[in-house]
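What the coordinates show
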Amino acid sequence: MIRLSLVVASLLSAPAALAQEAPAAAQVVAVEPLTPNVKRLRVRMPKNYRFEAGQFALLSVPSAFVEAWNAKYKTELGAVRRPYSFASSPKRLPVAEFIIQLAAPPPGRDVPPGIASTYIHGELKPGGTIEIGQPLGSLNKAGDSATRPLILVAGGTGVAPFVGLLDHWFRTKQHKGRKIYLFFGARQRRDLMLDAQFRRWAAKHSNFTYVPALSDPAPDDNWTGPTGFVNVVLDKHFTGTLDADVLIAGSPRMMQETVKVVKAKGVPEGQIRHDPIKVAP
Ligand SMILES: Cc1cc2nc3c(=O)[nH]c(=O)nc-3n(C[C@H](O)[C@H](O)[C@H](O)COP(=O)(O)OP(=O)(O)OC[C@H]3O[C@@H](n4cnc5c(N)ncnc54)[C@H](O)[C@@H]3O)c2cc1C
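Residues numbered from 1 in each chain as written. Predicted model: local features only at pLDDT ≥ 70, side-chain atom pairs only at ≥ 80, totals over all residues.

**Re unusual backbone geometry**
Leaving glycine out, the prevailing phi sign among residues is negative, and the prevailing peptide bond configuration is trans. This is how it is decided: In this text, helices come from DSSP runs of H or I with a minimum length of four residues, and strands from runs of E with a minimum of two, each type numbered from the N-terminal end. Comment: burial labels come from other C-beta atoms within 10 Å of the residue's own C-beta, placed from the backbone, where a count of 20 or more is buried, 12 or fewer is exposed, and between is partly exposed.
In the segment running from Leu93 into Pro94, the intervening peptide bond is cis, with an omega of 15°. At Leu194, a residue that is not glycine, the phi angle is positive and equals roughly 60°. Positionally, Leu194 belongs in the loop between strand E8 (180–186) and helix H5 (195–204). Residue classification places Leu194 among the buried residues on the basis of 21 C-beta atoms within 10 Å.

**Some details on the sheet that holds strand E11 (residues 272–274)**
The criterion, for reference: A pair of strands is labelled paired if DSSP reports no fewer than 2 bridges between them. Geometry is summarised by axes, namely lines fitted to C-alpha atoms with helices restricted to the contacting stretch, and by angles between N-to-C directions that run from 0 to 180 degrees. We call two residues in contact if the C-beta atoms placed from their backbones are at most 7 Å apart.
The strand order across the open sheet built from five strands is E9-E8-E7-E10-E11, with neighbouring strands paired in parallel fashion. Where the open sheet ends on each side, the last strands, each with one partner, are strand E9 (208–214) and E11. Adjacent strand axes in the sheet meet at a mean angle of 15° when their direction is disregarded. Sheet contacts for H5: E8 and E9; angle to E9, the most-contacted strand, approximately 150°.

**Focus: the environment of Ala57**
If you trace the backbone, Ala57 turns up in strand E3 (residues 56–61). Distance in space between the C-alpha atoms of Ala57 and Ser85 is 6.4 Å, their sequence separation being 28 residues. When sequence neighbours within four positions are dropped, the list of residues in contact with Ala57 reads Phe51, Tyr84, Phe86, Ile132, Gly133, Gln134, Pro135 and Leu136.

**So, the domain arrangement of the protein**
Using the following cut-off: An automatic or database domain assignment supplies the start and end points of every domain. The nonpolar class holds Ala, Val, Leu, Ile, Met, Phe, Trp, Tyr, Cys and Pro. Asp, Glu, Lys and Arg form the charged class, and all remaining residues, Gly among them, are polar.
Per the domain assignment, the segments making up the protein are domain 1 (20–132) and domain 2 (138–274). Each partner contributes to the interface: domain 1 provides 20 residues, whereas domain 2 provides 17 residues. Residue assignment for the side of domain 1 that touches domain 2 shows that the elements contributing at least two residues are strand E1 (24–35) and strand E5 (95–101). The greatest single-element share of the side of domain 1 that touches domain 2, amounting to four residues, is contributed by E5. A class-by-class count of the residues in the side of domain 1 that touches domain 2 yields 11 nonpolar, seven polar and two charged.

**Concerning helix H6 (residues 230–237)**
Note the threshold: To obtain the arc, one takes the directions from the helix axis to the C-beta atoms.
Among the residues of H6, Val230, Asn231, Val233 and Leu234 are the ones counted as buried. Along the axis of H6, the buried residues cluster in a sector spanning 160°; they form a single face.

**Re the environment of Pro252**
Positionally, Pro252 belongs in helix H7 (residues 252–264). Put simply, Pro252 and Lys278 are 26 residues apart on the chain and 9.4 Å apart in space, counted from C-alpha to C-alpha.

Below, the structure is given as structure tokens:
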């Protein structure tokens, strides 16, 4: 048990190495709402920019915005860059998309909202630019088995890299011989971003199963699907032992609990992947 905790802790806390190359200036094409607090950012990347499905990159906040923020909130922030996952297939380059949640202050705390998400939600407009670093992360390495099921487990905007991976796999007909599951946890129905898109994919691709789960459905959601945290829903879905490649993205807590669930079902550590929870600036 102690060993398991140590392994999980080290897995979840390793900071990703940062790419050294200069960031690329991407042109903003659209910033559109997906839920009350999540927006999709669509950009046009420079011609030579390449990434692999499921990767993430650091988006920079302009220094003038950071200076104004420091003056407004009496903070002392230096350069601000935050990791966001590509939520589109590289086959769509030069267009790339991101799914970004506005980070509100924690309940009951008199602190500023999140700076990068505030900038992206409030300041970025079509025609503007944003600097995007080189691609990082290896969620795209989905295992080399031709038959093992692929299980994607997402909480909230953790679904972003999976939108990119699924978009890519379906476009390129990758993993056609494997069962693919998306377990997507959100609080209420309105938070299930891209629900219609996932349902369309599930109707079109017989190897794809979509399992949305709500942890706190609103009465007028009329929700008849699974309820509870997504790791619990996943646990109940697969009885017995499980041999699968599992990709996880969401809050640190959700990732930790999901790792526990799949390990308890016998999934070897080498078949479980997720991004680091922190990326050193
Ligand atoms: C690999 C990776 C991929 C990611 N991909 C995505 C993605 O695709 N989409 C997405 O939405 N997010 C993603 N994230 C999270 C994202 O990188 C940011 O962490 C998130 O958007 C918040 O950044 P921010 O600058 O808006 O907030 P920050 O300024 O970093 O603030 C974070 C929180 O701290 C609070 N806060 C501010 N000051 C204080 C204080 N003094 N005391 C206590 N709390 C304070 C803020 O209100 C806010 O809630 C990813 C993270 C990682 C590690």
